[in-house]
Each structure stands twice: as C-alpha cells, then as structure tokens.
Amino acid sequence: LNFENAGISEKTLLNLVLSHGLFYGGAAQFAAGMWEFATGNTFGASAFTSYGAFWISLAAFIWAHQADLFAGAQEIDMFIYFMVWGAFSALLWIITFRINKALVVVFGSLVLLFLLLAIGEYSTGVHKAAGYVGLFCGGSAIYTGYATLLNETWKGTFLPIGPYASPAADAKEVV
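Below or above, wherever it landed, is the structure these notes cover. (Residues numbered from 1 in each chain as written. Predicted model: local features only at pLDDT ≥ 70, side-chain atom pairs only at ≥ 80, totals over all residues. Heavy atoms only, no water.)

### Side note on the overall build of the protein chain
Condition: Strands here mean DSSP runs of E at least two residues long; helices mean DSSP runs of H or I at least four residues long; both are numbered from the N terminus. Remark: exposure states derive from per-residue accessible area (1.4 Å probe, protein chains only) relative to the maximum for the residue type, with buried under 20%, exposed over 50%, and partly exposed in between. The Shrake-Rupley method, run with a 1.4 Å probe sphere, supplies the accessible areas, and residue values consider only the shown protein chains as cover. In this count, Lys and Arg are taken as positive residues and Asp and Glu as negative ones, while His and the chain termini are left out. A charged residue contributes its charge at one atom only: NZ of Lys, CZ of Arg, CG of Asp or CD of Glu.
Helix and strand counts for the protein chain come out as 6 helices and 0 strands. Helices (α) and strands (β) of the protein chain occur, in sequence order from the N terminus, as α-α-α-α-α-α. Structurally, the protein chain occupies a C-alpha span of about 60 × 40 × 30 Å along its principal axes. With 175 residues in all, the protein chain has 33% of them scored as buried. With an accessible surface of roughly 10,700 Å², the protein chain has 71% of that area assigned to carbon and sulfur atoms. Here the protein chain contributes 6 positively and 10 negatively charged side chains, and the mean placements of these two sets differ by 15 Å.

Pasting the structure below:
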C-alpha cells in the first residue's frame, strides 16, 4: 500500500495489496498476537492483535467504500481513523523505549506514518510523503523481525537491535 501511497505503483494493485493486508497483515498478525498472549508477551499480544485488526478493518472499509456501501464517507472519516491509530501507536512507542532501539524506530516511524496519512487526506504531497515513510517503517519492521528471529535462533547478536533497557523492577527505590 505504501508503494501506491508514494506514487511508485499503480492503483490497479490495490485489491492485491488489500487481499495481502487482510490475510497476512490482518489474520496472520492477529493470530500471532494470540500466540504472543499465550507466551505472556503482553506488548507483542497488544501490538500484533491490534495491527492485525487494523489491516482487516482497513481492507473492509476500502472495499466497502469502493462498492459504494459508504457513499457518505469523507476525508474526515479517514483523518480521524488514522489519527486514532496514530495515538494508539504513540502509546505503544513509549513502551518500546523499555524494549529495544529497533522497535523504537519501527513504532516512531509508524506514529509519523499515521500522522502523515491523516494529514494526507487533505494534501496529495503529504500523502505521497506518507508512502515513503511507510516504506521506511515497513523496512524497519522487516529488519527488526528478521534480526530478532536470527538472533534468537542462532543464540547471538548477528543483526543488532539495540540493547534492552533494564526493567523498572530492577531499579532500587529510595525512600
């Protein structure tokens, strides 16, 4: 979708992108969130299930809009939608400062992406810039996911993701 937003690909690929978003970005991420919940990873569960639901809802909204089921939908609807997701992403971004630097980059660029997508509802240039930020965000998410998988599988740091912050529970309280 960000290739289209950036003006790199044609709009004719939208249905392919939305199908991919519905099943891989949506259903697969939602399922991954459920597995993260089962392992006790609250952050992973919250992020994966939420963004899985985001992709499912975005694909459904766009397809319904194309079918004129939401004939009254206007730019303000998507502006609000993207701003709410930007606010949610900002809350998760704050948490990433206790996880690793790679996630700080992913979620920081995601916050910027949602902000630009919201403003881009009223500006073609900003919408195009959002596409490029989205490409960076997606690339950083792919790097982070692959680096985590590689490092955990091979039990070392082969691709750096930045040091983990010490948990708050480790801090000594001074009274």
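### Digging into the environment of Ser50
The criterion, for reference: Contact criterion: two residues are considered in contact whenever any of their non-hydrogen atoms come within 4.5 Å of each other.
Along the chain, Ser50 falls in helix α3 (residues 42–66). When its relative accessible area of 18% is taken as the criterion, Ser50 is described as buried. Sequence spacing of Ser50 and Gln29 is 21 residues, and the spatial spacing of their C-alpha atoms is 8.5 Å. Those residues in contact with Ser50 that sit more than four places away from it in its chain are Trp85 and Phe88.

### Remarks on the packing of aromatic side chains
How two aromatic rings sit relative to each other is given by the distance of their centres and the angle of their planes. As a reminder of what qualifies: Two rings from Phe, Tyr or Trp (for Trp, the six-membered ring) form a pair when their centres are within 6.5 Å of each other. A pair whose planes differ by under 30 degrees is stacked, one over 60 is edge-to-face, and the rest are tilted.
The full count for this structure, using the stated rule, is 14 aromatic pairs. Seen in terms of ring centroids, Tyr51 and Phe107 are 6.1 Å apart; in terms of plane orientation they differ by 55 degrees. Their pairing is tilted. One end of the pair, Tyr51, is in helix α3; the other, Phe107, is in helix α5 (residues 101–120), with 56 residues separating them in the sequence. For Tyr51, a relative accessible area of 7% corresponds to the buried category. By the ring-pair criterion, three or more aromatic residues cluster together here, those being Phe43, Tyr51, Phe54, Trp55, Tyr81, Phe82, Trp85, Phe88, Phe107 and Phe114.

### A few points about a nonpolar patch on the surface
Put simply, the rule reads: Residues enter patches when their relative accessible area tops 30% and they take part in no salt bridge; the joining distance is 9 Å for like charges and 5 Å for the nonpolar side chains Val, Leu, Ile, Met, Phe, Trp and Tyr. Basic side-chain nitrogens of Lys or Arg form a salt bridge, by our definition, when they fall within 4 Å of a carboxyl oxygen of Asp or Glu.
A cluster of nonpolar side chains, contributed by Ile76, Ile80, Val84 and Tyr122, occupies part of the molecular surface with about 390 Å² of accessible area. With respect to the secondary-structure elements, Ile76 resides in helix α4 (residues 75–96).

### A few points about the packing of helix α2 (residues 14–39) against α3
For the record, the criterion: Axis definition: a line fit to C-alpha positions, over the contact stretch in the case of helices; interaxial angles, taken between N-to-C directions, run 0 to 180 degrees. Any angle that falls under 35 degrees is termed roughly parallel, while one over 145 is termed roughly antiparallel, one within 65 to 115 roughly perpendicular, and all others oblique. The crossing is said to be left-handed when, going from far helix to near helix, the turn is anticlockwise and less than a right angle, and right-handed when the turn is clockwise. Residues are grouped as follows: Ala, Val, Leu, Ile, Met, Phe, Trp, Tyr, Cys and Pro are nonpolar; Asp, Glu, Lys and Arg are charged; every other residue, Gly included, is polar.
At their nearest, the axes of α2 and α3 sit 7 Å apart, and the two run at 155 degrees to each other. Classified by the angle between their axes, α2 and α3 sit roughly antiparallel to one another. Relative to α3, the crossing made by α2 is left-handed. Grouping the constituent residues of the contact of α2 with α3 by class yields 17 nonpolar, 11 polar and 1 charged.

### Focus: the nonpolar core
Where a protein is soluble and globular, its nonpolar side chains tend to be buried together. Let me state the cut-off plainly: In this description, a nonpolar core means a group of buried Ala, Val, Leu, Ile, Met, Phe, Trp, Tyr and Cys residues linked to one another through side-chain atoms lying within 4.5 Å.
If you look at the biggest cluster of nonpolar residues, it comprises 26 residues, and the most contacted ones within it are Phe43, Tyr51, Phe82, Phe107, Leu110 and Phe114. Contributions of two or more residues to this core are made by α2, α3, α4, α5 and α6 (124–154). The element contributing the most residues to this core is α5, with 9 residues.

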